[in-house]
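Single-letter residue listing:
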Amino acid sequence: MAETVLQGAGIAKAFGAHQVLSDVRFGVAEGEIVGLLGPNGSGKSTLLNIVSGFSRADAGEIRFRGEELAGLAAHDIARRGLVRTFQLPSMPHRMSVREVLSAGSREGAGLVEAFLRRRADDPEVETLIDQLALRPVADLPASSLSGGQKKLLSIALALRTRPSLLCLDEPTAGVHPQLRSRMVDLLRAFNARGVAMLVVEHDMHFIRELCSRCIVLDRGEIIADCPPAELAENERVVEAYLGKSVERPKVLS
């Protein structure tokens, strides 16, 4: 049985009188790619913020490889190997795409040397640039990229840190459809190297291609935990997305 990398138990969070999460319990095992789904306002982003240290739960606990994360700053959690991306990533103004990727490795020399060097000689940097179709913009300022290109760069940068668990916040938003299959291939390749993943996403085709299991939130509670293929037959999931009960066709005798 695979080791549990991330474990949440009894997670609750409210903003004023609005209860966003209620007694949320979930886990991500070693080597898993798990989709975190739900309609708008279901609590997905709040849960991801709690997991990654950008928000604190009112109750419950989050354990990463057995260590309680409560009270740790986001950068301390990232140093432990739990790294996340954002829906709207920001990038440096004076560093090129190649320089940003060069500086992103845990083994790299750091931002200053990467900036002074102007170019990187790391084969992985060049491979990532090609895999994510960033070659035409590799020497442009990272801040000048389109929203979709910034999203691709942020994913590549997160992978460069060699995380144990990568949390992706809507990775396909703003990304050209032709690049989504490349993204699937890239994420699968890093997953094969031992990177577990928790993916917040609305694109069900992407989820079906990438994830082996899905957790579905609605109104702050988990209503499903199953393979992607079973979601369409889950009445609670269909009702959460459509806003009404599912009517089954009558069988005529």
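These notes cover the structure that comes with them. In this text the structure is predicted, and so the values were computed from the model without any measurement. (Residues numbered from 1 in each chain as written. Predicted model: local features only at pLDDT ≥ 70, side-chain atom pairs only at ≥ 80, totals over all residues. Heavy atoms only, no water.)

Observations regarding the overall build of the protein chain
Here is the rule we go by: Helix and strand assignments follow DSSP, with helices taken as H or I runs no shorter than four residues and strands as E runs no shorter than two, numbered in order from the N terminus. Exposure is judged per residue with a 1.4 Å probe applied to protein chains only, and the accessible area is read against the type maximum: over 50% gives exposed, under 20% gives buried, and values in between give partly exposed. All accessibility values rest on the Shrake-Rupley procedure with a 1.4 Å probe; residue burial counts only the protein chains present in the view.
Counting secondary structure elements, the protein chain contains 9 helices and 10 strands. Looking at the protein chain as a whole, 49% of its 253 residues qualify as buried. Total accessible area computed for the protein chain in this model is approximately 12700 Å², and 52% of it derives from carbon and sulfur atoms.

Considerations on the sheet that holds strand E2 (residues 18-29)
Worth spelling out the cut-off: Note: two strands are recorded as paired if DSSP finds a minimum of 2 bridges between them.
Taken in spatial order, the 4 strands make up an open sheet running E2-E1-E4-E5, and their pairing is antiparallel. Since the sheet does not close on itself, it has two edges, and those belong to E2 and strand E5 (67-68), each with one partner. Relative to strand E4 (residues 59-64), strand E1 (residues 4-15) runs antiparallel, the two sharing 5 bridges. When the sheet's bridge partners are listed, glutamine 7 is paired in E4 with arginine 63.

A look at the sheet that holds strand E10 (residues 221-226)
Threshold: Axis lines are fitted through C-alpha atoms, for helices just across the contact stretch, and the angle between N-to-C directions can take any value from 0 to 180 degrees.
On the basis of which strands lie adjacent, the open sheet formed by 6 strands has the order E6-E7-E8-E3-E9-E10 and mixed pairing. Lying at the two open borders of the sheet, with one neighbouring strand each, are strand E6 (82-84) and E10. Across this sheet, the average inter-strand angle for adjacent strands is 20°, counted without regard to direction. Sheet topology places strand E9 (residues 213-218) next to E10; 5 bridges connect them, and they run antiparallel.

Section: the packing of helix H5 (residues 123-131) against helix H7 (residues 177-192)
We count it as follows: Contacts are assigned to residue pairs that have any heavy atoms within 4.5 Å of one another. Classification convention: Asp, Glu, Lys, Arg as charged; Ala, Val, Leu, Ile, Met, Phe, Trp, Tyr, Cys, Pro as nonpolar; all other residues, Gly among them, as polar.
Running from N to C, H5 and H7 point in directions that differ by 145°, and their axes come no closer than 10 Å. Together, Glu124, Leu128, Asp130 and Gln131 of H5 and Arg182, Leu186 and Phe190 of H7 make up the contact between the two elements. For the contact of H5 with H7, the residue count by class is 3 nonpolar, 1 polar and 3 charged.

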